[in-house]
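A structural walkthrough
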Amino acid sequence: LDLEQLHAAAKRQECTVNHAFFAGVVGGVAEYHRAAGRDLRELRVVMPVSLRRPDDPAGGNRWAPARFVVPADISDPGERMAAMRDLVLASRREPSLSLSRPLAGAMQALPSRLSSGLVGSMMQGVDVVLTNVPGPTERQYLAGAEVDGLWAFAPTAGAAVNTSLVSHGPRACIGLLADAAAVSEPAALNEMISAELQEVTKAAL
């Protein structure tokens, strides 16, 4: 996607690129269910939420995973963006969110087999994981060739779908990974999420 258009669409709704991305993916997953003849009113979503404060030193990760029950029946892209924004802002005021970082540190000290099992059990029942990572703003080269974009395909880790946005210069590159046991038509899901993200960006025009 065009990152500037996505940013402009979000700004018109007093939202961020993250909220616009959230709204597009939720709309696409809901449309996928409707196309299969299933009525979908809510989705269970996990998204990393920034805990960085203005006085925090630069560098390092300052985020925690937040769980949302998201309305999936908002047809208007602008209204959907605003709803996602309100959910994310409310999650940052959740007192339990601050406990996630020390717990994550403790899990990293466990053997990989144990920590993987714990993460998998925590993610059971999650429909979608959303990850938004700011990428490089300047040109990048690999073996002398200019890099056009960066796509991340994050593991589902027990969820049905994981979508990842990585910005790269003027582009927003979105990778989608789905569990074959949960998504029987991944190409259709990809098309529907793409179409809904395009609808979100049209709010800037």
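The rules we used
Residues numbered from 1 in each chain as written. Predicted model: local features only at pLDDT ≥ 70, side-chain atom pairs only at ≥ 80, totals over all residues. Heavy atoms only, no water. Salt bridge = Lys/Arg side-chain N within 4 Å of Asp/Glu carboxyl O. Buried < 20%, exposed > 50% of the residue type's maximum accessible area, 1.4 Å probe, protein only. Helix = DSSP H or I, 4+ residues; strand = E, 2+ residues; numbered from the N terminus. Pairing = 2+ DSSP bridges. Axes fitted to C-alpha atoms, helices over the stretch in contact; angles between N-to-C directions. Parallel < 35°, antiparallel > 145°, perpendicular 65-115°, else oblique. Left-handed = near helix turned anticlockwise from the far one by under 90°. Contact = heavy atoms within 4.5 Å. Nonpolar A, V, L, I, M, F, W, Y, C, P; charged D, E, K, R; others polar.

**Remarks on the pattern of salt bridges**
Applying the stated criterion to the full structure yields 7 salt bridges. The residue R85 makes a salt bridge to D86 at a minimum N-O spacing of 3.2 Å. Take R85: its relative accessible area is 16%, and that puts it in the buried class. Note that E199 is salt-bridged to K202, the shortest N-O span being 3.2 Å. For E199, a relative accessible area of 36% translates into the label partly exposed. The class of K202 is partly exposed, set by a relative accessible area of 48%.

**Details of the pairing of strand β6 (residues 161–168)**
Each regular strand carries side chains that alternate between the two faces of the sheet. The element β6 is extensively covered by neighbouring structure, given that 8 of its 8 residues are classed as buried. Covered by surrounding structure in β6 are V161, T163, L165 and S167 together with N162, S164, V166 and H168, the residues of both alternating faces. Where strand β3 (residues 128–133) meets β6, 6 bridges bridge the pair, whose relative direction is parallel. In the sheet register, V128 faces β6, and the bridge partner there is V161. Two strands pair when backbone bridges link them, and β6 and strand β7 (residues 171–178) are joined in this way by 8 bridges, in the antiparallel orientation. Within the sheet, the bridge partner assigned to S164 lies in β7 and is G175. The turn joining β6 and β7, which pair antiparallel and follow one another in sequence, is formed by 2 residues; a positive phi near 60° is taken by G169.

**Looking at the environment of I174**
Along the chain, I174 falls in strand β7. By relative accessible area, which is 23% here, I174 ends up partly exposed. In sequence terms I174 and T131 are 43 residues apart; their C-alpha atoms lie 9.6 Å from each other.

**Let's talk about the packing of helix α2 (residues 17–35) against helix α6 (residues 186–201)**
Two elements in contact, α2 and α6, have axes whose closest approach is 7 Å; the angle formed by their N-to-C orientations is 135°. The orientation of α2 with respect to α6, classified from their angle, is oblique. Judged by the twist between their axes, the crossing of α2 over α6 is right-handed. Two secondary-structure elements touch here, α2 through A20, F21, A23, G24, V25, G27, G28, V29, E31, Y32 and A35 and α6 through A188, L189, M192, I193, E196, L197 and V200. Taken together, the residues that form the contact of α2 with α6 break down as 13 nonpolar, 3 polar and 2 charged.

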